[in-house]
Amino acid sequence: MRLKYSCTLILSLLLGACSVTPEAPPQTNAPAPETTPQPEPVVKTPEEPPLRPFPADSVYDLLVAEFATRRQQYDTALGHYLYQAQQTRDAGVVASAARLAQFINAETAALEASELWLELEPEHPEANFIAASALARNGRPMEALPHMVQVLEAGDEANFAAISAAALSRSAKVQQEFTIALEDLRQRYPQSPEVQTALALMYQYSQRADEALTLVNQVLIQEPANLHALLIQTQLLQQQGQFDQARERLKYAVDQHPHNKRLRLQLATLLAKTDLHQAKAQYTVLSYQFPTI
């Protein structure tokens, strides 16, 4: 993965004008018509953004980070990016640090970099997304929720289900608070499949299977291939003993997401109860796709 950091480019606009002086008309005895002199238009030159060149040691660090990234020496690259993010407070450098930290699942570093990014660009959707993800993985789902709301309001793809999954590892009190918060969000965004799916996940693990299934079915009417909704739906059908329907839905889900390990593994496990030949075929595909499992 090649990460980019911002550089300030100065574009000089060269505006030129050329004029042609017409030949003087022949002299006549008729008096010339009176004309009102027009003021010359005032052309404002656009202001150029101020230059803020990086110090030489910053440039060196960033080059080291870039080459380390190309060589997949991610820990080395992240160390240099994080240091220069603090030193320069340049949005591009900070973004590179946050993206790399998220890519290698360095959650503490991702949270540090995303919080700095939000200081510089508070409404940036990607910065909010990385902050929400990092907070969730650090066991802070209630703090993650407002950041993911920012992503939703910006029109970008949100992932509330990931925060729900983090909330399920917390205490019963936190789970209850988080469920109430999602229910409030659903009132604000009744057509949001992301919010509905996250709430369905909380219902699924709160022994509210019927409500959960109703929600995911609504999501799948809007988005038939929604991965999170398909995962929850197939699990709920199995929990309710509807194995034939679960198998058919799993086959559809795998067709829609052929490289999703979790879906194919669910299908293989379910098929093993009724059709060993088909189950073996699914496990064979898994062994080719994911040779380390």
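Everything here concerns the structure above.
Residues numbered from 1 in each chain as written. Predicted model: local features only at pLDDT ≥ 70, side-chain atom pairs only at ≥ 80, totals over all residues. Heavy atoms only, no water.

Visitor: What am I meant to see in the packing of aromatic side chains here?
Guide: Two numbers describe a pair of aromatic rings. These are the distance of the centres and the angle of the planes. Scanning all chains against the criterion turns up 1 aromatic pair. Taking 5.6 Å as the distance between ring centres and 80° as the angle between the ring planes, the aromatic pair formed by Y74 and F103 counts as edge-to-face. Remark: F103 occurs in helix α3 (residues 91–103) and Y74 occurs in helix α2 (residues 74–88); sequence separation between them is 29 residues. Overall, the relative accessible area of 17% leaves Y74 in the buried class. (Phe/Tyr/Trp six-rings, centres within 6.5 Å; stacked < 30°, edge-to-face > 60°. Helix = DSSP H or I, 4+ residues; strand = E, 2+ residues; numbered from the N terminus. Buried < 20%, exposed > 50% of the residue type's maximum accessible area, 1.4 Å probe, protein only.)

Visitor: Any chance you could explain the layout of surface pockets here in plain terms?
Guide: Space left empty within the atom packing is revealed by a probe, the size of a water molecule, rolled over the atoms. The computed volume of the largest pocket comes to approximately 290 Å³. Around the largest pocket, the lining comprises 14 residues; the ones closest to its centre are A165, L201, H228, L231 and R262. Where the lining of the largest pocket is concerned, the elements lending two or more residues are α7 (160–167) and α11 (227–239). Grouping the constituent residues of the lining of the largest pocket by class yields 9 nonpolar, 4 polar and 1 charged. (1 Å grid on protein atoms, 1.4 Å probe; cavity = no way out; pocket = protein on both sides within 12 Å on 5 of 7 lines; lining within 4 Å. Points joined across faces, edges and corners; volume = space filled by probe spheres on them. Nonpolar A, V, L, I, M, F, W, Y, C, P; charged D, E, K, R; others polar.)

Visitor: Help me understand helix α5 (residues 125–137) in this model?
Guide: Quick reminder: α-helices carry 3.6 residues per turn. Residues three or four places apart thus point the same way. Between the first and last C-alpha of α5 there are 18 Å, a value that for 13 residues agrees with the 18 Å anticipated at 1.5 Å per step. Among the 13 residues of α5, 10 are classified as buried, and the element is accordingly described as predominantly covered. Three or more residues of α5 are buried, namely P125, A127, N128, I130, A131, A132, S133, A134, L135 and A136. The inward-facing, buried residues of α5 contact α3, α4 (107–120), α6 (141–153) and α7. Just beyond α5, the residue with positive phi is G139, at close to 75°. (Expected span 1.5 Å × (residues − 1). Contact = heavy atoms within 4.5 Å.)

Visitor: I would appreciate a short explanation of a nonpolar patch on the surface in the present structure.
Guide: There is a patch of nonpolar side chains on the surface, built from V59, L63 and F67 and spanning about 240 Å² of accessible area. Structurally, F67 is set in helix α1 (residues 56–70). (Patch = residues over 30% accessible without salt bridge, like charges linked within 9 Å, V, L, I, M, F, W, Y side chains within 5 Å. Areas by Shrake-Rupley, 256 points an atom, 1.4 Å probe, with all protein chains shown as cover. Salt bridge = Lys/Arg side-chain N within 4 Å of Asp/Glu carboxyl O.)

Visitor: Which parts of the structure should I look at to understand the nonpolar core?
Guide: A general tendency of soluble globular proteins is for nonpolar side chains to be buried together. The biggest cluster of nonpolar side chains holds 74 residues, and the ones touching the most others in it are F160, L182 and L185. Here F160 is in contact with L145, M148, V149, L152, L185, E194, V195 and A198, once residues within four sequence places are set aside. (Core = buried A, V, L, I, M, F, W, Y, C linked by side-chain atoms within 4.5 Å.)

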